Structure formats: structure tokens, C-alpha cells
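# Structure at a glance
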Amino acid sequence: MTTDPPQASRPTHLSLVPPHRGGGHGLPVATGPARRTVATAPDPLQAHGGGHAPAVPSPVVSVTPAETAGEPEASPPTSLAEPSAEPAEPAIEPAEPEAGPEAETPAETRETARPSRADSDEWRGIVLVTGTDTEVGKTIATAAIAAAAQAAGLRVAVIKPGQTGIDTGMPTDAEVVTRLAGPETVRTLAEFPEPLAPLAAAKVAGLPPLDLFDVVDAIRAEAEKHDLVLVEGAGGLLVPMGVRPSGEAWTFADLGTTLGCGMIVVARAGLGTLNHTALTLEALNRRGVPARVVLGAWPAEPELVHWANLGELVPHLVGALPAGAGSMDPGVFRRSAPGWLTPALYGVLDNWRVWAEEAG
Ligand SMILES: Nc1ncnc2c1ncn2[C@@H]1O[C@H](COP(=O)(O)OP(=O)(O)OP(=O)(O)O)[C@@H](O)[C@H]1O
Ligand SMILES: C[C@H](N)[C@H](N)CCCCCC(=O)O
Ligand SMILES: [Mg+2]
């Protein structure tokens, strides 16, 4: 784990041109997986594992680093800089950095442009799913990843360490995932009545708080029996989850560093998401946890802000779910899920330009 502060990179300018159409319709809701495409030119909305900022103007969204326009590979914006550190014991197989363009990156920018080990690789083993906040779509995104991985032939488990708010009468996250994706195993480790952070919910209920190492042991036990274990947090990254044997509170970030695995950050698509996403990625980067982003709910009628945010977040994105996915018939959800996710998450979405055009 590194304790180095995030590296500074260059300022950026945004050049935004929404798609020319009479109003976008969002992601396809009930279609099959998106078709695979082969990129023929540098494409700002092309999904790739390199995690570099787009540098070529696009008819859809163009994000052009001010000092690097024309360079094929530049570092991402400072506020959303690529996580560069690596965990001590990663659950994700290391990926070879891309040759070619990477070699042309100036030495002083390589630190921030370095691909994480999740790049161009499938996320196997233990994968934590956090969010920029509560109610951002973590559960629906977890279900989509589980569905896509199962369709790819993996044995999948989903674990919710701390489910709060069970007295609200709402379906639990485990129930939602079971209905939508039906993974082989779904486990909730502890339930608390009040809709609060798990540690607070344990305290007000007079129940034992979650023990970090009990949670670690339960996750590792499932990892022995499955190819992919998705673990959904509660709220955002630094929500107090429970207590360590020392009595100190622990967070989902602590779970990530203890397990040494990668994290998916589910983010909103609308105004405010750039700050929340950057804060979450920076916190993970400082802890040496590789991270990628999935948009929890891409609106049916995207506005300028959504296209602007998409352009900014593309270097980090490994998926985007349509708003309304959670209400789909489970069969439709399972057939559609691979079209919302890149191959890193067992999907077929490999070109954001094509995705954006098909979304309209
Ligand atoms: N893509 C989506 N389609 C339909 N509904 C969605 C979608 N994303 C989120 N929702 C709805 O928004 C709400 C929040 O989603 P979700 O339960 O996945 O949030 P969460 O991030 O898991 O929150 P928590 O911190 O409580 O676990 C739910 O009511 C869910 O049905
Ligand atoms: C009840 C809710 N849906 C989540 N399960 C818990 C969210 C905790 C958020 C705590 C906080 O950040 O203030
Ligand atoms: Mg949830």
C-alpha cells in the first residue's frame, strides 16, 4: 500500500457537443448485448483499458487536455486521475501496461497515466462494490455484474456484509440481487432494523457491530468456492461499517485494503458526480486500491450535463446501466446486462462512442 499523495497532472478544458439527435433516449433498455466494434482511430468515447484521457475531438463528447491536444495518450484530469497504486495482495490478476502509446507518454506524466492492474483484464476473485453515496445504484450494478459473469460461465457469489433498514419493509439488497441476477450464492452477514450506517444501526439496536475480520473470513470462504465474489458496501466508501477487535471503527475502504482487492465505484450520472467520484477515487488511490467506475443509472433523456460527465468519466468507466434497469423483468435484465458492461466486467460494451450513439 502506498501512502504517497496523488500525483498532480495537467489542467483540462472540456469541449462538449451533445449528440445530434432530437433528444436522447438513454441506454437501450430491453435490447440484447451491444455489438462489439473494432476501433479504427483514436476515439474519446472508446472504452479501453488504458485509462487515458481522450484527446481527439468527438462529435459526441470531446475532452481535450489543454496542453496535450493532439497527443494520442495523455494523463486523465487531476481531479479524476487514474489510480496508480497497487494493493499488496491483489485479487485481480496484473495486466501488462499497453505498449506503444504508453511508451510515448512523457516521463513526468507516466505516474498518473499508468494503467491499474485491472486494466484490460477481467475482474476475478473478490471485487468490492462501493458507491459515491447511498442510493446510487450499487445493488442494481452488482446484480448486473453478477448476471454478466454468470452468463460468461463464472460461479458467482454476492455478499452484503451489513444490511440496514430491514424494518423499512423495502426488499433487502440480497433479495434484489437474487431476483434480478440469481447468482449461485447470495449472503447477508448481518441485518439491522434502522436505515442507518451499519455501525450506527448496530449501536441503536444494541446489536453486536460487524467485526472486520469476521467479514474478511466470510468473504474469503466464499472466494474458495466461487470465481467471482462481489461484496456490496453500505452507502459510500468511508461509512463506518463496524468495529475492529481494538474497538476502532472500520470502513469499506479498510475492507478493500485488508483484502487487497479492487473496487468498483458506482456513481451518479448527473450534476455533482464529478466531485463525488473524484473524492472516492482519490481516497482509493491513496490507499492503493485499484478502482473503476460504473454509472448506476444513465437517464432516458440525457442532458448536456450527462454528456459532459460521461466525457470526463470515460477513462474510468467499465459500465453504465440505464435508469429503469432495476425494474426490468429478470430475464430481460440478465440478457441486457452484458451490453451495459465492458469486457473487464464480463460484458460486451467496448466502445463508448457506439454505446452513446445507440443510446440515442
Ligand atoms: N439503474 C436503475 N434502474 C432502476 N432503478 C434504479 C437503478 N439504479 C438505482 N435504482 C433505484 O434507486 C434506488 C437506489 O438503488 P440501489 O438500491 O441500488 O442503491 P444503493 O447504492 O445500493 O444504496 P444502498 O447504499 O442503500 O445499498 C433503488 O430504489 C433502486 O430501485
Ligand atoms: C439505509 C441506506 N439505504 C444504506 N443501506 C446505508 C447508508 C448509510 C449512509 C451513511 C452516511 O453516509 O451518512
Ligand atoms: Mg444497495
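None of the values given here were measured: they were computed from a predicted structure.

Conventions adopted
- Residues numbered from 1 in each chain as written.
- Chains lettered and ligands numbered in written order.
- Predicted model: local features only at pLDDT ≥ 70, side-chain atom pairs only at ≥ 80, totals over all residues.
- Heavy atoms only, no water.
- Near = heavy atom within 4 Å.
- Polar contact = N/O pair within 3.5 Å; in protein donor to acceptor, adjacent residues only side chain to side chain.
- Areas by Shrake-Rupley, 256 points an atom, 1.4 Å probe, with all protein chains shown as cover.
- 1 Å grid on protein atoms, 1.4 Å probe; cavity = no way out; pocket = protein on both sides within 12 Å on 5 of 7 lines; lining within 4 Å.
- Sits in = over half its atoms within 2 Å of the grid points.
- Nonpolar A, V, L, I, M, F, W, Y, C, P; charged D, E, K, R; others polar.
- Pairing = 2+ DSSP bridges.
- Helix = DSSP H or I, 4+ residues; strand = E, 2+ residues; numbered from the N terminus.
- Axes fitted to C-alpha atoms, helices over the stretch in contact; angles between N-to-C directions.
- Contact = heavy atoms within 4.5 Å.
- Core = buried A, V, L, I, M, F, W, Y, C linked by side-chain atoms within 4.5 Å.
- Buried < 20%, exposed > 50% of the residue type's maximum accessible area, 1.4 Å probe, protein only.
- UniProt positions renumbered as here; feature names shortened; annotations may be inferred.

### What about the site of ligand 2?
As a structural note, the neighbourhood of ligand 2 is formed by Thr134, Thr164, Pro195, Leu196, Ala197, Gly235 and Val239. In this structure, threonine 134 approaches ligand 2 through a side-chain N or O atom, which is 3.5 Å from a nitrogen atom. In the environment of ligand 2, a nitrogen atom lies 3.3 Å from a nitrogen or oxygen atom belonging to the side chain of threonine 164. Taken by itself ligand 2 offers 390 Å² of open surface, and the protein chains cover 61% of this. When atom positions are compared with the pocket grids, ligand 2 is found to occupy the largest pocket. For the shell around ligand 2, the per-class residue count stands at four nonpolar, three polar and no charged.

### Things to note about the sheet that holds strand β5 (residues 185-192)
Taken in spatial order, the seven strands make up an open sheet running β5-β4-β7-β3-β10-β11-β12, and their pairing is parallel. This sheet does not close on itself; its edge strands, each paired only once, are β5 and β12 (317-322). The mean angle between the axes of side-by-side strands here comes to 20°, regardless of whether they run parallel or antiparallel. Where strand β4 (residues 156-164) and strand β7 (residues 228-232) come together, four bridges link them in parallel fashion. Residue isoleucine 159 lies in a different strand from β7, and its bridge partner there is valine 231. The strands that helix α7 (residues 252-259) touches are β3 (125-131), β7 and β10 (262-267); relative to β3, the one it contacts most, it runs at about 160°.

### Looking at the nonpolar core
Counting residues in hydrophobic clusters, the biggest one holds 46 residues, and the most contacted among them are Leu128, Ile219, Val231, Leu255, Leu295 and Leu310. For isoleucine 219, the residues in contact, after removing those within four places along its chain, are Ile126, Ile159, Val229, Val231, Leu255 and Leu259. Within the second largest apolar cluster, 36 residues are counted, among which are Val129, Ile145, Leu230 and Val332.

### Section: the UniProt feature "binding site: substrate" (unreviewed entry) in the chain
Within this structure's numbering, the places UniProt gives as "binding site: substrate" (unreviewed entry) are Thr164. Assignment of secondary structure puts threonine 164 in strand β4. Sequence-distant contacts of threonine 164, that is, excluding residues within four places in its chain, are made with Phe192, Glu194, Pro195, Leu196, Ala197, Pro198 and Ala201. Of the polar contacts made by the side chain of threonine 164, one reaches the backbone oxygen of leucine 196; its length is 2.7 Å.

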